[in-house]
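# Notes for the structure review
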Amino acid sequence: MAQTILLTSFTTWKPEQSSNSSDDLLDLVLEHTPRQSLHVLRKVPVHFKHAPSCVIHHIQTIQPDVVICCGMSEKHHTMNLESRAVRAEQIHYTDIDLAPLAEGLRITHISDDAGRYVCNSLYFDILDFLHHYHKRIPCLFVHVPRLSDDNQAAVVQDFLTILHRMESLPVQPASVRAMV
């Protein structure tokens, strides 16, 4: 049985941005691998309150087996799998073992700093929500670098590999998740 995966991306947040690399990546991924098991929530607003409420609403509606949120990293040249999200003194870690997920990838690294902006805030709120209500749904945040002719193929290939590896995670039956 195929896993239901919710993929999210952000819209732009600066007037000079023509697009957000997280959304560009999802567009390319869907071209390479259209799957019925993928549910895509694109162009989530870059807003501290609207982003989490929008994504959490979709999690409640779709009840996915896996959640992968993508955001743009303007500072990095690699794709980063975020291990945690921080708010004040609280830290939420993903339940996913990231080492095997990142193993052998060309342009992807594990990071323990999801930033201090909306990406981190969204990740924290989703991990908090899943911890309290649906803790058997694994969640990952992926920071995507700006895409260029030099890195686009590697970023897409790494993301497709991550997606394939995420699909191989053990599935918890919906009835078990609902009891949490």
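Residues numbered from 1 in each chain as written. Predicted model: local features only at pLDDT ≥ 70, side-chain atom pairs only at ≥ 80, totals over all residues. Heavy atoms only, no water.

### Quick look at the overall build of the protein chain
Counting its regular elements, the protein chain contains six helices and eight strands. In terms of C-alpha radius of gyration, the protein chain reaches 15 Å, essentially the compact-globule figure of 16 Å for 180 residues. Put simply, the protein chain has 180 residues, and 49% of those count as buried. In the protein chain, the share of contacts with a sequence separation of at least 24, taken over all contacts with a separation of at least 6, comes to 82%. As presented, the protein chain carries roughly 9,100 Å² of accessible surface, and 50% of it is formed by carbon and sulfur atoms. Averaging the locations of the 15 positively and 20 negatively charged side chains of the protein chain gives two centres separated by 5 Å. (Helix = DSSP H or I, 4+ residues; strand = E, 2+ residues; numbered from the N terminus. Rg over C-alpha atoms; globule rule 2.2 N^0.38 Å. Buried < 20%, exposed > 50% of the residue type's maximum accessible area, 1.4 Å probe, protein only. Contact = heavy atoms within 4.5 Å. Areas by Shrake-Rupley, 256 points an atom, 1.4 Å probe, with all protein chains shown as cover. Lys, Arg positive; Asp, Glu negative; His and termini not counted. Charge placed at Lys NZ, Arg CZ, Asp CG, Glu CD.)

### Some points on the pattern of salt bridges
As enumerated under the stated definition, the model contains five salt bridges in all. The salt bridge partner of Arg42 is Asp27, with a shortest N-O separation of 3.7 Å. Residue Arg42 is located in strand 2 (residues 38-44), and its partner Asp27 is located in helix 1 (residues 21-32); the two are separated by 15 residues in the primary sequence. The exposure class of Asp27 is partly exposed, given its relative accessible area of 35%. (Salt bridge = Lys/Arg side-chain N within 4 Å of Asp/Glu carboxyl O.)

### Thoughts on the nonpolar core
Ranked by internal contacts, the top residues of the largest apolar core, which has 53 residues, are Ile59, Ile68, Ile126, Leu140, Val142 and Phe159. It is helix 4 (residues 118-133) that provides the largest number of residues to this core, a total of nine residues. Setting aside its immediate chain neighbours within four residues, Leu140 contacts Val67, Ile68, Cys69, Leu81, Glu82, Ile96, Leu98, Leu101, Tyr123, Ile162 and Met166. (Core = buried A, V, L, I, M, F, W, Y, C linked by side-chain atoms within 4.5 Å.)

### Concerning the packing of aromatic side chains
Tallied over the full model, the rule gives four aromatic pairs. Between Phe48 and Tyr117, the aromatic rings sit 5.6 Å apart at their centres with planes inclined by 85°, giving edge-to-face as the arrangement. Taken as a pair, Phe48 in the loop between strand 2 and helix 2 (50-62) and Tyr117 in the loop between strand 7 (108-111) and helix 4 lie far apart in primary sequence, 69 residues in all. Looking at Phe48, the relative accessible area reads 42%, which means it is partly exposed. Ring centres of Phe129 and Tyr133 lie 5.4 Å apart, and the angle between their planes is 40°; on these two criteria the pair is classed as tilted. Placement of both Phe129 and Tyr133 in helix 4 is noted, with a separation of four residues, approximately one turn of the helix. (Phe/Tyr/Trp six-rings, centres within 6.5 Å; stacked < 30°, edge-to-face > 60°.)

### A look at the confidence of the model for the protein chain
Per-chain confidence: the protein chain averages 89 in pLDDT, with 91% of residues scoring 70 or above. Overall, residues 173-180 carries pLDDT values under 50, and its contacts beyond four positions in sequence, including any with other chains, amount to 13 contacts. (pLDDT = per-residue confidence, 0-100.)

### Considerations on the environment of His132
Within the secondary structure, His132 is located in helix 4. A residue is classified by how much of its surface remains accessible, and His132, at 47% relative accessible area, is partly exposed. Looking at His132, its side chain comes within polar contact range of the main-chain oxygen of Asp128, at 2.8 Å. (Polar contact = N/O pair within 3.5 Å; in protein donor to acceptor, adjacent residues only side chain to side chain.)

### Thoughts on the sheet that holds strand 7
Strand order in the open sheet made by the six strands is 2-1-3-8-4-7, with mixed pairing throughout. The open sheet is flanked by strand 2 and strand 7, the only strands paired with a single partner. On average, each strand axis in the sheet is inclined to that of its neighbour by 25°, with strand direction left out of account. As paired strands, strand 1 (residues 5-10) and strand 3 (residues 66-73) are joined by four bridges and run parallel to one another. Bridge pairing links Leu7 to Ile68 in strand 3. Seen against the sheet, helix 4 touches strand 1, strand 3, strand 4 (79-82) and strand 8 (139-145) and runs at an angle of roughly 165° to strand 8. (Pairing = 2+ DSSP bridges. Axes fitted to C-alpha atoms, helices over the stretch in contact; angles between N-to-C directions.)

### What to know about the environment of Ile96
In this fold, Ile96 is placed in the loop between strand 6 (90-93) and helix 3 (98-102). The buried category is assigned to Ile96, whose relative accessible area is 9%. Residues in contact with Ile96, not counting those within four places in the same chain, are Leu101, Pro138, Cys139, Leu140 and Met166.

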